[in-house]
Amino acid sequence: MLQQTSTSRVLEPWRRFVAAFPTASACADAPLADVLRLWGGLGYHRRAKALHEAARRIRDEFGDVVPSEVPVLRSLPGVGEYTANAVASFAFGRPVAVLDTNVGRVLARAVENRTLGAREARSVAHALLPRRDVASFNQSMLDLGAQFCRSSPRCDDCPVARVCRWRREGGDDPAPRSAGVSRPQKSFVGSDRQVRGRVLAVLSSGERTDVELRARLDDVEYGRYSSIVDDLVADGLVERHGRRVRLVGDGPQPTGGR
Ligand code: SF4
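Residues numbered from 1 in each chain as written. Predicted model: local features only at pLDDT ≥ 70, side-chain atom pairs only at ≥ 80, totals over all residues.

Observations concerning the nonpolar core
Residues Val-35, Leu-36, Ala-55, Val-103, Val-106, Leu-107 and Val-238 are the most contacted members of the largest nonpolar core, which totals 53 residues. If one sorts the elements of this core by residue count, helix 7 (residues 101-112) sits on top with 6 residues. The residues contacting Val-238, other than those within four sequence positions of it, are Leu-203, Val-229, Leu-232, Val-233, Val-245, Leu-247 and Val-248. (Core = buried A, V, L, I, M, F, W, Y, C linked by C-beta atoms within 7 Å. Buried ≥ 20, exposed ≤ 12 C-beta atoms within 10 Å, placed from the backbone. Helix = DSSP H or I, 4+ residues; strand = E, 2+ residues; numbered from the N terminus. Contact = placed C-beta atoms within 7 Å.)

Put into structure tokens, the structure is as follows:
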């Protein structure tokens, strides 16, 4: 959920999610439609599908226990380096660095004062790890980047300002082109992501006919609407049954009055 999404947006959906699915098998046994419903307005719904698939693999191959080794975690659907390392560090105390966009800025500015390639950033991050309590260190780095070393940094309040190389040495900001540092996202309002979210929100309350679904999105130009629904079908999030459209795995429900 935290991939490309801030903690404040994730908190409530996460609480609902773990209450409904306290174990991997609880998630794996549910239809994808229920997972998508609980995903709610978080967007990037392919993550929900990947999480559902990962839960099935954890149930079937790992006895319902989340694996702790980074290579095994990385073999799960939707799990890349950042997520695998975060789970290994925070859940299992493994000595691996968690490198996201926030940490990437701190490394480039405070530690090196230069633009870092992917391999360099990994190696700098790893070299900084303490011998003990790596999870707290990783959390501190994430917080430092999120709270102070933002795209527009708050250097005057920053707790590491005294030892920050960029602040001491000056020069162009090394963060924007560094590995792990994401570019600003396009505006959500009016984006295809927003329309995808709207389609899924309508279908969350039950199956619709094409006509009913289209009526709920009649402010979207037809060609665009149609290609977004086709993409959702191709992504395995939505399925068509004749003229009816529904979330994958959702049972037919009465549509009267909605
Ligand atoms: S002093 Fe400024 S640039 Fe350096 S780590 Fe703190 S916020 Fe980032």
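Focus on the site of the ligand
The immediate surroundings of the ligand are formed by 14 residues, with Cys-149, Pro-153, Cys-155, Cys-158 and Cys-164 found nearest. Taken together, the residues of the shell around the ligand sort by class into 11 nonpolar, no polar and 3 charged. (Near = placed C-beta within 6 Å. Nonpolar A, V, L, I, M, F, W, Y, C, P; charged D, E, K, R; others polar.)

What to know about the sheet that holds strand 3 (residues 244-247)
The strand order across the open sheet built from 3 strands is 1-3-2, with neighbouring strands paired in antiparallel fashion. The open sheet is flanked by strand 1 (208-209) and strand 2 (238-241), the only strands paired with a single partner. Across the sheet, helix 11 (residues 192-204) is in contact with strand 1, strand 2 and strand 3; its angle to strand 3 comes to roughly 95°. Sheet strands touched by helix 13 (residues 222-234): strand 2 and strand 3. Its angle to strand 2, the strand with the most contacts, is close to 105°. (Pairing = 2+ DSSP bridges. Axes fitted to C-alpha atoms, helices over the stretch in contact; angles between N-to-C directions.)

Details of helix 9 (residues 134-147)
Helix length check: helix 9, at 14 residues, gives a terminal C-alpha distance of 20 Å against a target of 20 Å (1.5 Å per residue), a fit within 8%. What helix 9 keeps buried is the set Asn-138, Met-141, Leu-142 and Gly-145. With its buried residues spanning 95° around the axis, helix 9 presents them on a single face. Buried residues in helix 9 make contact with helix 6 (81-92) and helix 7. (Expected span 1.5 Å × (residues − 1). Arc of directions from axis to C-beta.)

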